[in-house]
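The lines below spell out each chain.
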Amino acid sequence: MKHSYYSKMKLFAVLSVFFLSILRSNCQVITTASNQITGKYTIPESPEWVKKAVFYQIYPQTYYDSNGDGIGDLQGIIMKLDYIKSLGVDAIWLNPFFESPFCDAGYDVSDYYKVAPRYGSNDDAKRLFDEAHKRGMKVIFDYVISYSSIEHPWFQASAKQETNKYTNWYIWNDNTWLNVPKEYQDAFIKGYGRRNGQYMRNFYYCQPALNFGFALPDTNYKWQLPTNHPDIIAMREELKKMLRFWMDMGADGFRADMAGALVKTANVQGNEQFFNTHEDATKKFWQEIREIFRKDYPQAFMVSEWSYPKDALQNCFHADFFHWFDGYNDLFQKESWRILNGYSEGHSFFDVEGKGNIKNFLDKYMEQYTPTKDKGYICLPLGNHDNARLGNKRSDVDLEIIYAFGLTMPGTPFLYYGNEIGMRQLPTSWPQVEGAYRPRNGARTPMQWSTAANLGFSTANAEKLYLPVDTAKDAPNVASEEKNPNSLLNKTRRLIALKHTEPALANYAEFIPLFAKENTYPFIYARAKDKNVVLVLLNPSGKNTTAEFELNIPYSKTVLLAGKDLKLVKKGNKITVNMIGQSYSIIRLE
Ligand code: NOJ
Ligand code: CA
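Given the structure is predicted, the values throughout are model-derived calculations rather than measurements.

Let's talk about the nonpolar core
Counting 151 residues, the largest nonpolar core has Y56, Y83, I84, Y143, F254, W286 and F405 as its most contacted members. By residue number, the principal contributor to this core is helix α6 (residues 230–249), which donates seven residues. Here Y143 is in contact with L239, K240, M242, L243, F254, R255, A256, D257, F285, W286 and I289, once residues within four sequence places are set aside. Ranked by size, the runner-up nonpolar core spans 22 residues in total, among them I512, L537, I575 and M579.

Next comes the structure, spelled out in structure tokens:
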């Protein structure tokens, strides 16, 4: 039978409706499924104490100066341990404290076995570990091994004309005049020492890359050694020995600097060479360290500066910082005036202007979180020494909303010293000491303890300070905030405390975004562990806003844990909320 044109159209219409309805029902299934709170979770392998841990990051040179020379020191940190404990944090990450010429503020290590005299002695480091332990806190140190200082004796020997034990410990080509392969062009420095060749840096010129070899050595370049070359193995063993030295002294683990940038590859170029080369051979090194930890330091923690959890959590680290990616900037520092490195434009989600886009963050985050949530933790740092302060033109109210976010997301939160009192980003005109080019210089200034001279940081003359203190009349300080129960300091303490009292906020508990739309506020998500469910609702914008979302679990009562009291209007499984500008609510469902 021949179909008329009309009947063909009818058939087409019927079929289209049929397929569309299948499509739509599938879409609905997908949307609802991704919003389902199940309370299920897998706990990644990690020491017990890490599961709910909050870390506090301390920059030793600017925390507290105990001997009046203008530079913070280990004894100074020991003197402040009771304060640190009072924040409710579980552990400290200490930036490098090793002997160094301080071309990159101590990241350039010249003796891996010795505390820099300006910070004290190895005995002070041991006392710091012991005193922290007495107070029930842990201390992790900075393991900086993708390069050493140019002044390290290994590099000095490697730069010699004569072949010696250290010749291959760094990456040198074999001809000062020859162009290096273009993938590495940015990284080679020529004209150092008597050795005929150029060395590869891993960051500044003063940070020559230790030689972990090349994933696929180019046979045209004999100097590209394979990763299993005996000299490379010897170097790696020495780095393991050094790790054991600090662990045996009492450290509770480490943060690995530039962890993804050990083994070299031609597959990635430019900045990627410094962060993530996706090389299995790099992972293999960290997997060996993880094995050492499993066997000999089962209570210790390893976290990487890798910023690619899909690599870093592959049986390498317990946790990975996820901040060298655009999604992190979308949260806090999208505006070029905020990031101050001149490369960014746009709007942060956490900004009173309310022009940000949470989806930019969330899509990138989920891409990493979903495949790794049973393997390890993602850390979204609440500030650090490389970025502008979160308090860069933000009020305490803005910051509190940011901390409500950071302390309720999955993973291991890290709070940068001084952010608990709302320390501000200081002007780019501040001295750029020790490689602290903007915005780093404005984020590394001395901790503000009181209204005393130098804001209580040091008794030295102001011009002797490592960096000048904030000169604003209303510069925040600990002593004043201690007295005010509603200060940012005390509110931050209360938010930190929730990590320990709410099972649903455990670092591994389930994370379900409930309301996250393009260019829209608020951002709403649930955290859940078994029957414990916490909702987090965040509206950093200055405007009132309404949101409707589905909630698939029954509850009879809501308990406000922090922030503004908020009414959840329930109709079937749909919830509507009206949030006022610059507000947040953390709510337990019972
Ligand atoms: C990351 C560190 O956090 C930063 O301060 C340092 O300059 C680079 N790595 C190089 O180590
Ligand atoms: Ca000092």
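Digging into the site of ligand 1
Neighbouring ligand 1 are D104, Y107, Y147, F203, R255, D257, M258, E305, H385, D386, R440 and R444. Contact distances for ligand 1 include 2.3 Å between an oxygen atom and a side-chain N or O atom of Y147. When ligand 1 sits alone it has 290 Å² of accessible area, and the protein chains cover 99% of it. At a threshold of 2 Å from the grid points, most atoms of ligand 1 map onto the largest pocket. For the shell around ligand 1, the residue count by class is four nonpolar, one polar and seven charged.

Overview of the layout of surface pockets
Roughly 1,200 Å³ of volume is contained in the largest pocket. In terms of lining, the largest pocket is formed by 42 residues, of which the most central are F203, N271, F275, W324 and N341. Every element with two or more residues in the lining of the largest pocket is listed here: α7 (272–275), α10 (326–332) and α12 (358–372). Of the residues in the lining of the largest pocket, the class split is 16 nonpolar, eleven polar and 15 charged.

Concerning the pairing of strand β20 (residues 583–589)
Remark: a regular strand shows side chains that alternate across the two faces of the sheet. In terms of residue burial, β20 counts as a mostly covered element, since six of its seven residues are buried. In the sheet, strand β15 (residues 532–539) pairs with β20 via seven bridges, with the strands oriented antiparallel. Of the residues in β20, the one forming a bridge with V534 is R588. With five bridges joining them, strand β17 (residues 558–563) and β20 adopt antiparallel strand pairing. The residue bridging T558 from the neighbouring strand is L589, located in β20.

What counts, and where the lines are drawn
Residues numbered from 1 in each chain as written. Chains lettered and ligands numbered in written order. Predicted model: local features only at pLDDT ≥ 70, side-chain atom pairs only at ≥ 80, totals over all residues. Heavy atoms only, no water. Core = buried A, V, L, I, M, F, W, Y, C linked by side-chain atoms within 4.5 Å. Buried < 20%, exposed > 50% of the residue type's maximum accessible area, 1.4 Å probe, protein only. Helix = DSSP H or I, 4+ residues; strand = E, 2+ residues; numbered from the N terminus. Contact = heavy atoms within 4.5 Å. Near = heavy atom within 4 Å. Polar contact = N/O pair within 3.5 Å; in protein donor to acceptor, adjacent residues only side chain to side chain. Areas by Shrake-Rupley, 256 points an atom, 1.4 Å probe, with all protein chains shown as cover. 1 Å grid on protein atoms, 1.4 Å probe; cavity = no way out; pocket = protein on both sides within 12 Å on 5 of 7 lines; lining within 4 Å. Sits in = over half its atoms within 2 Å of the grid points. Nonpolar A, V, L, I, M, F, W, Y, C, P; charged D, E, K, R; others polar. Points joined across faces, edges and corners; volume = space filled by probe spheres on them. Pairing = 2+ DSSP bridges.

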